[in-house]
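Listed here are the chains, written in short residue letters.
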Amino acid sequence: MDNYILTLKNITKEFPGVKALDDVTINIERGTIHGLVGENGAGKSTLIKVLAGIYQPNAGEVILDGKSCRFQSPIEARRAGISVVHQEIKLAEPLTVAENMFLGNLMMKGKLVDWAGMRRRAQEIVDELGMDIDVNAQVSSLTVARKQVVEIMHAINNNSRVLVMDEPSAVLTDRELEVMFRIVKQLREKGITIIYISHRLDEVFDLCDNVSILRDGKHINTLPIGEVDRKGLITMMVGREMGQEYPKVAATPGDTILEVKNLNCGILRDISFSVRAGEVFGISGLVGAGRTELARAVLGIDHIESGEVYVRGKRVHYHTFSDAIRDGLGLIPEDRKLQGLVQIMSVERNTTLVNLRRVIKGGVIRKSLEHSLSEEYAKKLHVVTPSMDTEVQYLSGGNQQKVVIAKWLFQESEILFLDEPTRGIDVGAKAEIYRLINRLVEEGKTVIMISSEMPEILGMCDRIMVMHEGHKMGELDAAEATQEKIMALCT
């Protein structure tokens, strides 16, 4: 047991009507990177919140360095040496890097704050990690990747012995990932234990020494990463054989349904492409390439400076997104929580929100009709929810994404832009999203997929357009596309 820095022993956590964790026991070895995987809703976040003192377990205990602990707050957990780098960055943006690193733990000289001492110590940590970050810079001026590094430095400054990283790579480019991986490995060499949560299984295999699998609130297994392969790990996560990871079906595209000619808007320069009915058209490129900006311009969210857009052969000029919606276009946005859903509204109302006309009779929303129609779409997409009245904020990431898709199916959109459609969701939910994409194209609808995940683009798209810094660099058919060719164009 001396080899274990942390044991989560017989942890049970219940919420009204839900047992989120059921007698979970996991041992974490000292000075290792320990992967924690499972589908959305498997209990990973709940377990971490128990460890961090955000939730109190109904049963069980946290044993840190052989001592039983019961943290009543995150402050108590931090004081004991446990820090969490959350998926959603939690920093004081107006403050400097150094000030953020010392939040809750100011250096004092007598009764005064030792600002100079804090800056010196902050610079020492920056130098230790080999980072080029100005400790006097305002955090709001930093990239997402550097903000995550500041959170890690805050944990180091608090003398953390256990660092939990929750989906740290979700919004990072490949280059930023390399830096993040280097830092994680450095921390392991310093003796810090890392609990690494990720839906990207390649990262788990590249980084982790051991991995624990949760499913439906239960601990399924913990084993050295060398004793399991990708297929075996996925099977333990979902409880069944997954079959093909990218179940692409052969499409028979129809006539051109969307055409863009010489579009200029913001960073976008002279973009031209066309998409046919019943195909999956991929848009690839590194972060900052202009992929999301292109979707926003075509959909009327951003004003086009010059260029032409044709839908079904007819030139259009959408002044607002509402114009595009009425013309049969829809957008599943990159940020589903802020842009795709109203978090405090029910599953039912989010589903019908963009097309309330279907459920209004005589100027009044017919609740029974709204309920039956939204329930029909939820069943089609296998949305897991306690009820249709449940607020979407309480659903897992994968189920939230399905509600966003249900909204646009309810609107009966013919052309769907999917911006990072599987970001932050598990392999099981991804497979369902892919099967849904297949169903859409079989019905003659058109899917335009924007994705940073190269295997996803290669596995699901019929044609792929590659962008770099607002320019179209080339277009590839699925048969000729390779990761090397796409990366060559991306860069």
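As a reminder, the structure under discussion sits directly above these lines.
Below: a short report on this structure. Here the structure is a predicted model, which is why all the values come from computation and not from measurement. (Residues numbered from 1 in each chain as written. Predicted model: local features only at pLDDT ≥ 70, side-chain atom pairs only at ≥ 80, totals over all residues. Heavy atoms only, no water.)

Details of the overall build of the protein
Rules: Helix and strand assignments come from DSSP, with helices taken as H or I runs of at least 4 residues and strands as E runs of at least 2, each series counted from the N terminus. Our radius of gyration is a C-alpha quantity, and the globule rule it is checked against amounts to 2.2 Å times the number of residues to the power 0.38. Relative accessibility thresholds used throughout: buried, under 20% of the residue-type maximum; exposed, over 50%; partly exposed, between the two (1.4 Å probe, protein chains only). Should any heavy atoms of two residues lie within 4.5 Å, those residues are counted as being in contact. Under the convention used here, a 1.4 Å probe and the Shrake-Rupley method define accessible areas, while residue burial counts only the protein chains that appear.
When helices and strands are tallied, the protein shows 17 helices and 24 strands. Taking 2.2 N^0.38 as the reference for a compact globule, 491 residues should give roughly 23 Å; the C-alpha atoms of the protein span a radius of gyration of 24 Å, in line with that estimate. If you line up the protein on its principal axes, its C-alpha atoms span 70 × 50 × 50 Å. A burial count over the protein gives 53% of its 491 residues as buried. Of all intrachain contacts in the protein linking residues separated by at least 6 positions in sequence, the fraction that spans at least 24 positions is 66%. Of the roughly 21600 Å² of accessible surface on the protein, a fraction of 49% belongs to carbon and sulfur atoms.

Description of the sheet that holds strand S18 (residues 329-332)
So the rule is basically this: Pairing between two strands is assigned when DSSP locates at least 2 bridges connecting them. Between the N-to-C directions of two axes lies an angle of 0 to 180 degrees, each axis being a line fitted to C-alpha atoms and, for a helix, fitted only over the stretch in contact.
Across the sheet, which stays open at both edges, the 6 strands sit in the order S18-S21-S22-S15-S23-S24 with mixed pairing between neighbours. With partners counted over all chains shown, the strands left at the sheet margins are S18 and strand S24 (471-477), one partner each. When the angles between neighbouring strand axes are averaged without regard to direction, this sheet yields 20°. As paired strands, strand S15 (residues 280-284) and strand S23 (residues 463-468) are joined by 4 bridges and run parallel to one another. Within S23, the position partnered with Gly 282 by the bridge is Ile 464. Against the sheet, helix H14 (residues 397-410) touches S18 and strand S21 (415-419), its axis set at about 175° to S18.

Observations regarding helix H15 (residues 427-442)
Which entries qualify depends on this criterion: Multiplying one less than the number of residues by 1.5 Å gives the expected span of a helix.
Its 16 residues place the ends of H15 23 Å apart at the C-alpha level, agreeing with the 22 Å of an ideal helix rising 1.5 Å per residue. Counted residue by residue, H15 has 12 buried out of 16 residues, so it is predominantly covered. Along H15, the residues that are buried comprise Val 427, Gly 428, Ala 429, Lys 430, Ala 431, Ile 433, Tyr 434, Leu 436, Ile 437, Asn 438, Leu 440 and Val 441. Looking at the residues trailing H15, positive phi occurs at Gly 444, about 90°.

Thoughts on the side chain of Asn 158
Applicable threshold: Side-chain atoms alone can form a polar contact between residues adjacent in sequence; in general such a contact is a pair of N or O atoms within 3.5 Å, and within protein one must be able to donate a hydrogen while the other accepts it.
When you line up the elements, Asn 158 lands in the loop between helix H5 (144-157) and strand S9 (162-166). Side chain to side chain, Asn 158 and Asn 105 meet in a polar contact 3.3 Å long. With near-sequence residues (within four places) excluded, Asn 158 lies in contact with Arg 78 and Asn 105.

Some details on unusual backbone geometry
Backbone geometry at Asn 159 places phi at a positive 55°, although glycine is not the residue there. Here Glu 420, not a glycine, exhibits a phi torsion of approximately 50°, which is positive. Its place among the elements puts Glu 420 in the loop between S21 and H15. Residue class for Glu 420 comes out buried when judged on its relative accessible area of 4%.

Brief notes about the packing of aromatic side chains
So the rule is basically this: A pair of aromatic rings is counted whenever rings of Phe, Tyr or Trp (Trp by its six-membered ring) have centres within 6.5 Å, and the orientation is called stacked for planes under 30 degrees apart, edge-to-face for over 60 and tilted otherwise. We count a charge as sitting over a ring when the NZ of a lysine or the CZ of an arginine lies within 6 Å of the ring centre and within 35 degrees of the ring normal.
Using the criterion set out here, one finds 3 aromatic pairs in the structure. With a centroid separation of 5.6 Å and an interplanar angle of 75°, the aromatic rings of Tyr 377 and Phe 410 are classed as edge-to-face. Placement of Tyr 377 in helix H13 (residues 367-380) and of Phe 410 in helix H14 is noted, with a sequence separation of 33 residues between them. With respect to class, Tyr 377 is no different from Phe 410; both count as buried. Against the face of Phe 410 rests Arg 358, its NZ or CZ located 4.4 Å from the ring centre.

Some words on the nonpolar core
We count it as follows: In these notes, a set of buried Ala, Val, Leu, Ile, Met, Phe, Trp, Tyr and Cys residues joined through side-chain atoms within 4.5 Å is what counts as a nonpolar core.
Core analysis: the largest hydrophobic core is formed by 50 residues, its most contacted members being Ile 152, Met 153, Leu 163, Leu 187 and Ile 194. In contact with Ile 152, not counting residues within four places along its chain, are Val 85, Leu 163, Met 165, Met 180, Ile 183 and Leu 187. Among the nonpolar cores identified, the runner-up in size contains 45 residues, and Leu 286, Ile 332, Leu 373 and Leu 381 belong to it.

Purely geometric stuff here, so don't read any function into it on its own.
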